Amino acid sequence: MILLASKWKQRSRDDAGFTLVEMLVVVAILALLAAMVATRWSGVHHNAVAESTRSQLQFVDQHLRQFARSRNHPCLLTFDLEKSRVGKQHSVDEQDRPQWETLGTGVRLDAIRLGAEKPTSRHVEIPVDVNGQTPTYGLHVVGPGKRETWLLFAGVSGQMTELNDQRSWNAAFELLQPPSL
């Protein structure tokens, strides 16, 4: 043991640097740590963007409902699926243009359901009546990292519900269809 210690001391005095293998091990460990941090950060970022998008959509919906009730004036909630943006139109006049809000970076409005129907247009207008009510509608939002969110907005109350999957989303809308005779 003493012999090994004396050889180590002798080696360290003669050769004070690191070997190539030691340097490669340190670089590999740092690369693994950096990859773990980047992966963790990307998940946190995707969750934050998804939450921000949900909040933004809920705010626009509630804003127009409140505006219609307070002014006793119908409005339009407009979705442009092509450009993934939502518009507030405080009047139903054709000359009044929507005030557009874009959603977060990497967020795409994929589909919309309006009551029992599936609009085929990529530009959908949802009327907000003087009582602040709309038809029940749903949005399929795809965020960064291909994170999918299915939202359901209740027509009378404006309550937003996030559903777990597309099957649940479709089942909720099937309940809105009138029974067939």
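Read on for an overview of the structure. Because the structure is predicted, anything quoted here is derived from the model rather than measured. Throughout, a residue's number is its position along its own chain's written sequence, starting from 1. For this predicted model, a pLDDT threshold of at least 70 governs which residues receive local features, and a threshold of 80 or more governs which side-chain atom pairs are given and counted, while totals over whole chains, interfaces and linings are taken from all residues. Only hydrogens and water are set aside; all other atoms, that is, all heavy atoms of the structure, feed into the side-chain values.

**A closer look at the pairing of strand β7 (residues 148–153)**
So, step 1. Think of it in three bands: with a 1.4 Å probe and only protein chains considered, a residue is buried below 20% of the maximum accessible area for its type, exposed above 50%, and partly exposed in between. Strands here mean DSSP runs of E at least two residues long; helices mean DSSP runs of H or I at least four residues long; both are numbered from the N terminus. Buried residues dominate β7, accounting for five of its six residues.
So, step 2. Sheet topology places strand β6 (residues 137–142) next to β7; six bridges connect them, and they run antiparallel. In the sheet register, glycine 138 faces β7, and the bridge partner there is leucine 152.
So, step 3. Note on pairing: DSSP must find at least two bridges between two strands before they are called paired. The hairpin turn running from β6 into β7, its antiparallel successor, is five residues long, and glycine 145 in that turn takes a positive phi close to 75°.
So, step 4. Across four bridges, the pairing between β7 and strand β8 (residues 160–163) is antiparallel. Across the sheet, phenylalanine 153 pairs through a bridge with methionine 160, a residue of β8.
So, step 5. In sequence, β7 turns back onto β8 through a hairpin of six residues, with glycine 158 there showing a positive phi of about 80°.

**Structural notes on a nonpolar patch on the surface**
So, step 1. Patch construction takes residues with relative accessible area above 30% that form no salt bridge. Like charges are linked within 9 Å, and nonpolar side chains (Val, Leu, Ile, Met, Phe, Trp, Tyr) are linked within 5 Å. The protein chains shown are the only cover counted for residues, whose accessible areas, like all others here, come from Shrake-Rupley with a 1.4 Å probe. What counts as a salt bridge is simple: a side-chain nitrogen of Lys or Arg found within 4 Å of a carboxyl oxygen of Asp or Glu. A cluster of nonpolar side chains, namely Val21, Val25, Val26, Ile29, Leu30, Leu33 and Met36, defines an oily patch on the protein surface of about 670 Å² accessible area.
So, step 2. On the secondary structure map, valine 25 appears in helix α2 (residues 20–71).
So, step 3. Taking relative accessible area as the criterion, valine 25 reaches 44% and is therefore assigned partly exposed.

**Structural notes on the sheet that holds strand β5 (residues 123–128)**
So, step 1. Reading across from one edge, β3-β2-β1-β5 is the order of the four strands in this open sheet, with antiparallel pairing throughout. If you trace the sheet from one side to the other, it starts and ends with β3 (99–102) and β5, each paired once. Pairs of neighbouring strands in the sheet enclose a mean axial angle of 20°, with direction left out of account. Between the N-to-C directions of two axes lies an angle of 0 to 180 degrees, each axis being a line fitted to C-alpha atoms and, for a helix, fitted only over the stretch in contact.

**Regarding the packing of aromatic side chains**
What describes a pair of aromatic rings is the distance from one ring centre to the other and the angle between the planes of the rings.
So, step 1. Ring pairs shown here join Phe, Tyr and Trp side chains whose ring centres sit within 6.5 Å, with only the six-membered ring taken for Trp; geometry is labelled stacked below 30 degrees between planes, edge-to-face above 60, and tilted in between. Within this structure, the stated rule accounts for three aromatic pairs.
So, step 2. For the ring pair phenylalanine 79 and tyrosine 137, a centre distance of 5.8 Å and an interplane angle of 50° mean the geometry is tilted. With phenylalanine 79 in strand β1 (residues 75–80) and tyrosine 137 in strand β6, the pair connects residues that are 58 residues apart, well separated along the chain.
So, step 3. By relative accessible area, which is 2% here, phenylalanine 79 ends up buried.
So, step 4. The class for tyrosine 137 is buried, based on a relative accessible area of 0%.
So, step 5. A network of ring pairs unites the aromatic residues Phe79, Tyr137 and Phe153 as a single cluster.

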